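# Analysis of the macromolecular model
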Amino acid sequence: MHWRRICSLGLMGLLMAACATPEQKAARVAAEKAAEQKLQLDLAAQCDARTAELMQAQMQNPAFFSDPANARIAEEYRQKINLPIFQSCYKLAWNNYVNQVKLQQARDWAMQRRWDDDMNWMMFRPRLCRDIINGRTIVYRC
């Protein structure tokens, strides 16, 4: 079934992801890649600014390692990236980022639970009554 027909049927939930046009999907993938690269650069900049600059140059130029004009810079990039102190710092920065995300998620969940508990008394709860009609037990709203 063609994606436009699926979208026109009004199917919700999981099928809505299939309703994105190829251009929208490509834009979403590009935005995710850009965000991932920005995160990598931010984490590298916490450890060494020069290495972050080299990483940015490598990300922007697909022929970074094969271009003879970049041979010296590519070698400097390899040396900086392979330093154990940089790798340890980058791993520490990554773990710190992951833990911050988990902590924020736990705070959000706790706030949602508190909100749900506070609002629970305000939610409309239909009152249900039970009766026997013609020998059958029925449950209905009172």
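Residues numbered from 1 in each chain as written. Predicted model: local features only at pLDDT ≥ 70, side-chain atom pairs only at ≥ 80, totals over all residues. Heavy atoms only, no water.

Right, let's get into the overall build of the protein. Helices and strands together make up the secondary structure of the protein, namely five helices and two strands. Counting from the amino terminus, the protein carries its helices and strands in the arrangement α-α-α-α-α-β-β. Out of the 142 residues belonging to the protein, those deemed buried represent 13%. Here the analysis covers contacts within the protein between residues at least 6 apart in sequence; of these, 28% occur between residues at least 24 apart. On the protein, roughly 11700 Å² of surface is accessible, and the fraction owed to carbon and sulfur atoms is 57%. (Helix = DSSP H or I, 4+ residues; strand = E, 2+ residues; numbered from the N terminus. Buried < 20%, exposed > 50% of the residue type's maximum accessible area, 1.4 Å probe, protein only. Contact = heavy atoms within 4.5 Å. Areas by Shrake-Rupley, 256 points an atom, 1.4 Å probe, with all protein chains shown as cover.)

Residues Trp94, Tyr97 and Val101 make up a contiguous nonpolar surface patch of about 270 Å² in total accessible area. With respect to the helices and strands, the residue Val101 is situated in helix α5 (residues 84-119). Judged by its relative accessible area of 42%, Val101 falls in the partly exposed class. (Patch = residues over 30% accessible without salt bridge, like charges linked within 9 Å, V, L, I, M, F, W, Y side chains within 5 Å. Salt bridge = Lys/Arg side-chain N within 4 Å of Asp/Glu carboxyl O.)

What follows concerns unusual backbone geometry. In this structure, Asn134 takes a positive phi of about 55° despite not being glycine. In this fold, Asn134 is placed in the loop between β1 (128-133) and β2 (136-141).

To continue, consider the nonpolar core. In this structure, Leu41, Ala44, Ala52, Leu54, Met55, Phe64, Ala74, Tyr77 and Phe86 together form the largest nonpolar core, which totals nine residues. Those elements giving two or more residues to this core turn out to be α2 (22-47), α3 (49-60) and α4 (71-81). Those residues in contact with Phe64, other than ones at most four positions away along the chain, are Leu54, Ala57, Gln58, Asn70, Ile73, Ala74 and Tyr77. (Core = buried A, V, L, I, M, F, W, Y, C linked by side-chain atoms within 4.5 Å.)

What follows concerns the packing of aromatic side chains. If you walk through the whole model with that rule in mind, you get five aromatic pairs. When the ring of Phe64 is compared with that of Phe65, the centres are 5.1 Å apart and the planes differ by 85°; the resulting orientation is edge-to-face. Phe64 sits in the buried class, given a relative accessible area of 2%. An aromatic cluster is defined as three or more aromatic residues linked by ring pairs; in this entry it consists of Phe64, Phe65 and Tyr77. (Phe/Tyr/Trp six-rings, centres within 6.5 Å; stacked < 30°, edge-to-face > 60°.)

The next subject is the confidence of the model for the protein. Model confidence for the protein is summarised by a mean pLDDT of 83, while 78% of its residues fall at 70 or above. Predicted confidence in the protein is weakest over helix α1 (residues 3-9), with a mean pLDDT of 49, and strongest over α2, with 93. (pLDDT = per-residue confidence, 0-100.)

Here the focus is the packing of α3 against α4. Where α3 meets α4, the closest approach of the two axes is 10 Å, and the angle between their N-to-C directions is 125°. The angle between α3 and α4 places the two elements in the oblique class. As α3 runs across α4, the sense of the crossing is left-handed. Residues Arg50, Thr51, Leu54, Met55 and Gln58 of α3 form the contact with α4, whose participating residues are Ile73, Glu76, Tyr77, Lys80 and Ile81. Residue classes in the contact of α3 with α4 are distributed as five nonpolar, two polar and three charged. (Axes fitted to C-alpha atoms, helices over the stretch in contact; angles between N-to-C directions. Parallel < 35°, antiparallel > 145°, perpendicular 65-115°, else oblique. Left-handed = near helix turned anticlockwise from the far one by under 90°. Nonpolar A, V, L, I, M, F, W, Y, C, P; charged D, E, K, R; others polar.)

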